Amino acid sequence: MIRISSLLAAVSLIFCLPAAARAQQTPPPPPAAPQAADKPCLNIVYFLGNDREPIPGYEERLSALMLHLQDFFQKEMARNGYPNRTLSLDMKTPDRVNIILYKAQGAASDYPYTGNWPRVIQELDAYFSAHPGMKKSNHTLIIMPTFYNDEYNDANPGGVPFYGVGKSCFALDYADFDIKHLGARTPQGRLLTKWYGGLAHELGHGLNLPHNHQTTSDGAKLGTPLMGAGNYTFGSSPTYLTPASCAILNVCEVFAGDTSTEFYKTPAPKLDAISISLKGNKLVINGSYTGQEKASAVNIYVQDPPYQVNADYDSVSFTQKLGKKSGNFSFHIPRRELHGLRSDTFRITVRLLTSSGNWEDWHHEFHWSDLPPFSQKFSEQ
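Residues numbered from 1 in each chain as written. Predicted model: local features only at pLDDT ≥ 70, side-chain atom pairs only at ≥ 80, totals over all residues. Heavy atoms only, no water.

1. Remarks on the packing of aromatic side chains
Think of a pair of aromatic rings as described by two things: how far the centres are apart, and how the planes are tilted against each other in angle.
Then comes step 1: Within the structure shown, the criterion is met by 21 aromatic pairs.
Then comes step 2: Centroid distance Phe47 to Tyr111: 5.0 Å. Interplanar angle 75 degrees. Geometry classified as edge-to-face. Of this pair, Phe47 sits in strand β3 (residues 43-48) while Tyr111 sits in the loop between β6 (100-103) and α2 (117-130), and the two are 64 residues apart along the sequence.
Then comes step 3: Its relative accessible area of 2% is what places Phe47 among the buried residues.
Then comes step 4: Relative accessible area serves as the criterion here: at 2%, Tyr111 is assigned to the buried category.
Then comes step 5: Residues Tyr127 and Phe128 carry aromatic rings whose centres are separated by 5.6 Å and whose planes lie at 65 degrees to one another, so their mutual orientation is edge-to-face. Taken as a pair, Tyr127 and Phe128 share a single burial class, namely buried.
Then comes step 6: Grouped by ring-pair contacts, the aromatic residues Phe72, Phe73, Tyr174, Phe177, Tyr196, Phe234 and Phe255 constitute a single cluster.
Then comes step 7: Taking the ring centre of Tyr264 as reference, the NZ or CZ of Lys167 above it sits at 4.3 Å. (Phe/Tyr/Trp six-rings, centres within 6.5 Å; stacked < 30°, edge-to-face > 60°. Helix = DSSP H or I, 4+ residues; strand = E, 2+ residues; numbered from the N terminus. Buried < 20%, exposed > 50% of the residue type's maximum accessible area, 1.4 Å probe, protein only. Lys NZ or Arg CZ within 6 Å of the ring centre and 35° of its normal.)

Shown next, in the form of structure tokens:
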């Protein structure tokens, strides 16, 4: 699935629930206790052309899929050292996610995969402005039913937007978009892996995540990162979140569960200095930083050219937790961990994250065959 690079970016809130290990069983487990009513939650919008009705069972099907995804996030965050973090969902009942049913101004055909997604964002911005109580955070998942025409249908869904756009993302619905098919070696199961994995991947973009690739070691143990090619493996073979992705989600508005923080307001920390060298078969990166608030983490991404969005699936990621307004960081990255990188030319990206979710990136290109020690002090610029 792809991501569009752009800065563009349920009915009433009842309560927000953390994930609890919700197995598909009868009877269901007891519901978790409700959280504070003003906790930021993901906005989920079922966006309908004015000539369409919802696909039957959408609320039950999408709720089960979102709760399963919430559990996935919870387990991956805990595995990476963030035990109290997961995606916050606005709940109508313990097993029903609050989904805004929105009837658009135009017909379904007015909102195709390409060309008119800004109109969707504009309509929803106007809707949330007119109904501010409906908007629970800056992050919105927009789901549209598949087109039904000569090309697209329930057996071959598509035609609608399916990508990330800033803090919003698009996915689709169809009749067999149902968790009962997850992992099944059937046409419905294979289709679900594609579109459910795609939803999870594009939602990752809407939650601030870039593409990233597995290290050699993690790939052997854990499988495929969700923000790599995990949109084609989710539910059918091992799929996971990288430590770098979890560091970003840790300070995402709808993961942090913090009602006192103004997310995405404080400027990101800035690099004071950086030095990079190759010592034996290890890439050594040292740096220092300062910021207006505590820095949460620093991520390192190493990738081959080209570097633009959708050419960055090979970006191998690493992370280090921080926790101060100023300080130092150091990485020693064995070259053998840079799985799949083959070019002599490569780029290093340093991403510094604030505790309230903003970040700043620094990039520099290098050559393995000619990598003298590099250093830069930014205060001197």
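2. With respect to the sheet that holds strand β15 (residues 316-321)
Then comes step 1: On the basis of which strands lie adjacent, the open sheet formed by four strands has the order β15-β14-β17-β18 and antiparallel pairing. In this open sheet, the two edge strands, each paired with only one partner strand, are β15 and β18 (359-367). Mean inter-strand twist for the sheet, computed between neighbouring axes without regard to direction, equals 15 degrees.
Then comes step 2: Both strand β14 (residues 295-303) and β15 contribute to a ladder of six bridges, which runs antiparallel. Note on β15: the bridge partner recorded for Ile300 is Phe318. (Pairing = 2+ DSSP bridges. Axes fitted to C-alpha atoms, helices over the stretch in contact; angles between N-to-C directions.)

3. Overview of the pairing of strand β4 (residues 89-93)
Then comes step 1: For β4 and strand β5 (residues 96-97), the ladder comprises two bridges, and the chain directions are antiparallel. From the neighbouring strand, Thr93 faces β5, where its bridge partner is Arg96.
Then comes step 2: From the end of β4 to the start of β5, which pair antiparallel, there are two residues.

4. Some remarks on the environment of Ala295
Then comes step 1: With respect to the element layout, Ala295 can be found in strand β14.
Then comes step 2: Residues Ala295 and Ser326, 31 residues apart in the sequence, show an inter-C-alpha distance of 7.5 Å.
Then comes step 3: Ala295 has contacts with Pro269, Tyr289, Leu322, Gly323, Lys324, Leu353, Thr354 and Ser355, leaving out every residue within four places of it along the chain. (Contact = heavy atoms within 4.5 Å.)

5. Section: helix α3 (residues 187-206)
Structurally, the α-helix is built with 3.6 residues per turn, so residues lying three or four positions apart point the same way.
Then comes step 1: An ideal rise of 1.5 Å per residue puts 28 Å on 20 residues; α3 measures up with 28 Å between its terminal C-alpha atoms.
Then comes step 2: Counting buried positions along α3 gives 16 out of 20 residues, so the element sits mostly inside the fold.
Then comes step 3: Just beyond α3, the residue with positive phi is Asn208, at close to 90 degrees. (Expected span 1.5 Å × (residues − 1).)

6. A few points about the nonpolar core
Then comes step 1: Phe47, Met66, Leu69, Phe73, Leu87, Leu141 and Leu203 are the most contacted members of the largest nonpolar core, which has 79 residues in total.
Then comes step 2: For this core, the leading source of residues is helix α1 (residues 58-79), giving ten residues.
Then comes step 3: Residues contacting Met66, with those up to four places away along its chain left out, are Leu42, Ile44, Leu87, Leu89, Val97, Leu141, Leu199 and Leu203.
Then comes step 4: In terms of nonpolar packing, the next biggest core, distinct from the first, is built from 27 residues, Ile276, Leu283, Ile333 and Phe378 among them. (Core = buried A, V, L, I, M, F, W, Y, C linked by side-chain atoms within 4.5 Å.)

7. Thoughts on the packing of α1 against α3
Working note: a packed helix pair is described by the angle between its axes plus the distance between those axes.
Then comes step 1: In the contact formed by α1 and α3, the axes pass within 12 Å of each other and the chain directions differ by 60 degrees. As judged from the angle between their axes, α1 and α3 are oblique. Between α1 and α3 the crossing geometry is right-handed. Residues Leu65, Met66, His68, Leu69 and Phe73 of α1 touch α3, and the partners they reach there are Leu192, Tyr196, Leu199, Ala200 and Leu203.
Then comes step 2: A breakdown of the residues in the contact of α1 with α3 according to their chemical character gives nine nonpolar, one polar and no charged. (Parallel < 35°, antiparallel > 145°, perpendicular 65-115°, else oblique. Left-handed = near helix turned anticlockwise from the far one by under 90°. Nonpolar A, V, L, I, M, F, W, Y, C, P; charged D, E, K, R; others polar.)

Shape descriptors only; they carry no functional weight alone.
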